[in-house]
Amino acid sequence: MTEQKPVTQTNAKPVPTLPDAQTVTSVKHWTDSLFSFRVSRPTSLRFRSGEFVMIGLLGDPDPKSGKQKPLLRAYSIASPSWDEELEFYSIKVQDGPLTSKLQHIQPGDQLILRPKPVGTLVHDALLPGKRLWLFATGTGFAPFASLLREPETYEKFDQVIVTHTTRDVADLEYSQTLINSLDDDPLIGDLVEGKVVYYPTTTREHSSKMGRITTLLENGTVFEDLGIDGINAETDRGMVCGSLGFNKDIKDILEGFGLEEGANSDPQHYVVEKAFVG
């Protein structure tokens, strides 16, 4: 379960040995290729749910100088803006420069966190609407884990439809566990009741709903399953986070329904996170 209790620290925090260092408080490995972790939050950090920051570790020492350069990557903050800690959700890439090291972190370890949050998957980039679609593949669900625990989401929308597409059923456990916990959340449970629709699909392993979400949107299966007429620019808003190919396909589909892409400086009907692929 992702809503883990903050670690109680009886001793003073260790003196940071890395630039912009934060301390890992908990780690959970969901599958052989996916894990989540929580770290201490800088006291000065303020962010909007859905934004991302740069995190990382020091790389291997240079053979000549012995110096270590930071290995940094963009990671969506999976915890909501009100959380006392920061949560992240990551894939494991065995030969990846960063994740090959990051997947071995343990509570008490430190990592680098640059406290300068940015991103487009925020409420400010959308016009008011009645229904919010959250389209994710893989670890692209991370920013939505933040937004689904943000009270503002339920104050602004009557319904939130979450689609999460992965290859295998086990890859859905993080999103499923989080969504199942929403109703019992002491802060937002009452706000969430009856508003969240979870629509998971798999593309490789057999599950109750097979297929790419793009295909299921194009052939109308999603709308038939959910009992709605379709997507309408007057009422529907969207957020998209996944692979580059997925992002483009969803953009084309949404624009086919008459939706326009927005930004922080120009709120519209839907937004896409372009900083990384999930």
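Everything numeric here is computed off the predicted structure, so don't read it as measured data.

Before going further, it helps to examine the overall build of the protein chain. Helix and strand counts for the protein chain stand at 8 helices and 11 strands. Relative to the 2.2 N^0.38 estimate, which gives 19 Å for 278 residues, the radius of gyration of the protein chain is 19 Å and therefore close to what a compact globule would have. Counting only C-alpha atoms and orienting by the principal axes, one finds that the protein chain spans roughly 60 × 40 × 40 Å. Buried positions account for 53% of the 278 residues belonging to the protein chain. Long-range pairs, those at least 24 residues apart, make up 73% of the contacts in the protein chain with a sequence separation of at least 6. Of the roughly 13200 Å² of accessible surface on the protein chain, a fraction of 50% belongs to carbon and sulfur atoms. Counting 28 positive and 39 negative side-chain charges, the protein chain places the averaged centre of each group 8 Å from the other.

Further remarks concern helix H8 (residues 244–256). Here H8 spans 18 Å end to end across 13 residues, near enough to the 18 Å set by a 1.5 Å rise per residue. Considering only its buried residues, H8 is in contact with strand S7 (131–137), helix H6 (213–218), strand S10 (236–241) and strand S11 (270–272).

What follows deals with the layout of surface pockets. Put simply, the largest pocket is a space of about 570 Å³. Taken together, 21 residues make up the lining of the largest pocket; nearest its centre are Thr137, Gly138, Thr165, Thr166 and Arg167. Counting residues per element, the ones that place at least two in the lining of the largest pocket are strand S8 (159–166), H6 and H8. Of all the elements, H8 adds the most residues to the lining of the largest pocket, at 3 residues.

The strands making up a sheet are joined through hydrogen bonds of the backbone, oriented either antiparallel or parallel. Spatial ordering of the open sheet is given by S4-S3-S6-S1-S2-S5, a layout of 6 strands whose pairing is antiparallel. Strands at the two margins of the open sheet, each flanked by one partner only, are strand S4 (70–76) and strand S5 (85–91). Across this sheet, the average inter-strand angle for adjacent strands is 40°, counted without regard to direction. The pairing of strand S3 (residues 52–58) with strand S6 (residues 110–118) spans 4 bridges and is classified as antiparallel. Residue pairing for S6: Gly56 is matched across the bridge by Ile112.

Below, the discussion takes up the packing of aromatic side chains. Evaluation of the coordinates by the stated rule reveals 9 aromatic pairs. Ring geometry for Tyr75 and Phe88: centres 6.4 Å apart, planes at 85°, overall edge-to-face. Of this pair, Tyr75 sits in strand S4 while Phe88 is found in strand S5, placing the two residues 13 residues apart along the sequence. Judged on exposure class, the residue Tyr75 and its partner Phe88 are both buried. Centre to centre, the rings of Tyr89 and Tyr174 are 3.9 Å apart; their planes meet at 10°, and the pair counts as stacked. A residue pair is termed long-range when its members are at least 10 positions apart, and Tyr89 in strand S5 and Tyr174 in helix H4 (residues 173–181) qualify at 85 residues. Classification of Tyr174 by relative accessible area gives buried; the value is 1%. In textbook terms, an aromatic cluster arises when at least three aromatic residues are bridged by ring pairs, as seen for Trp30, Tyr89, Phe141 and Tyr174. For Lys28, the ring lying beneath its charged end belongs to Trp30, and the centroid distance is 4.8 Å.

A separate point is the side chain of Ser40. For Ser40, the position within the fold is in strand S2 (residues 34–40). Of the residues examined, Ser40 reaches a relative accessible area of 8% and is grouped as buried. A polar contact of 2.6 Å, which involves the side chain of Ser40, links it to the side chain of Gln22.

Moving on, we come to the pattern of salt bridges. All chains considered together, the criterion is met by 14 salt bridges. Glu51 is paired through a salt bridge with Arg48; the nearest N and O atoms lie 2.9 Å apart. The class of Glu51 is buried, set by a relative accessible area of 5%. A salt bridge links Lys251 to Glu261, with the nearest nitrogen and oxygen atoms 2.4 Å apart. Within this pair, whereas Lys251 is found in helix H8, its partner Glu261 is found in the loop between H8 and S11, the two being separated by 10 residues in sequence. Looking at Glu261, the relative accessible area reads 24%, which means it is partly exposed. A single network of salt bridges, built from pairs that share partners, joins Arg38, Asp83, Glu85, Glu87 and Arg149.

Quick notes on the rules
Residues numbered from 1 in each chain as written. Predicted model: local features only at pLDDT ≥ 70, side-chain atom pairs only at ≥ 80, totals over all residues. Heavy atoms only, no water. Helix = DSSP H or I, 4+ residues; strand = E, 2+ residues; numbered from the N terminus. Rg over C-alpha atoms; globule rule 2.2 N^0.38 Å. Buried < 20%, exposed > 50% of the residue type's maximum accessible area, 1.4 Å probe, protein only. Contact = heavy atoms within 4.5 Å. Areas by Shrake-Rupley, 256 points an atom, 1.4 Å probe, with all protein chains shown as cover. Lys, Arg positive; Asp, Glu negative; His and termini not counted. Charge placed at Lys NZ, Arg CZ, Asp CG, Glu CD. Expected span 1.5 Å × (residues − 1). 1 Å grid on protein atoms, 1.4 Å probe; cavity = no way out; pocket = protein on both sides within 12 Å on 5 of 7 lines; lining within 4 Å. Points joined across faces, edges and corners; volume = space filled by probe spheres on them. Pairing = 2+ DSSP bridges. Axes fitted to C-alpha atoms, helices over the stretch in contact; angles between N-to-C directions. Phe/Tyr/Trp six-rings, centres within 6.5 Å; stacked < 30°, edge-to-face > 60°. Lys NZ or Arg CZ within 6 Å of the ring centre and 35° of its normal. Polar contact = N/O pair within 3.5 Å; in protein donor to acceptor, adjacent residues only side chain to side chain. Salt bridge = Lys/Arg side-chain N within 4 Å of Asp/Glu carboxyl O.

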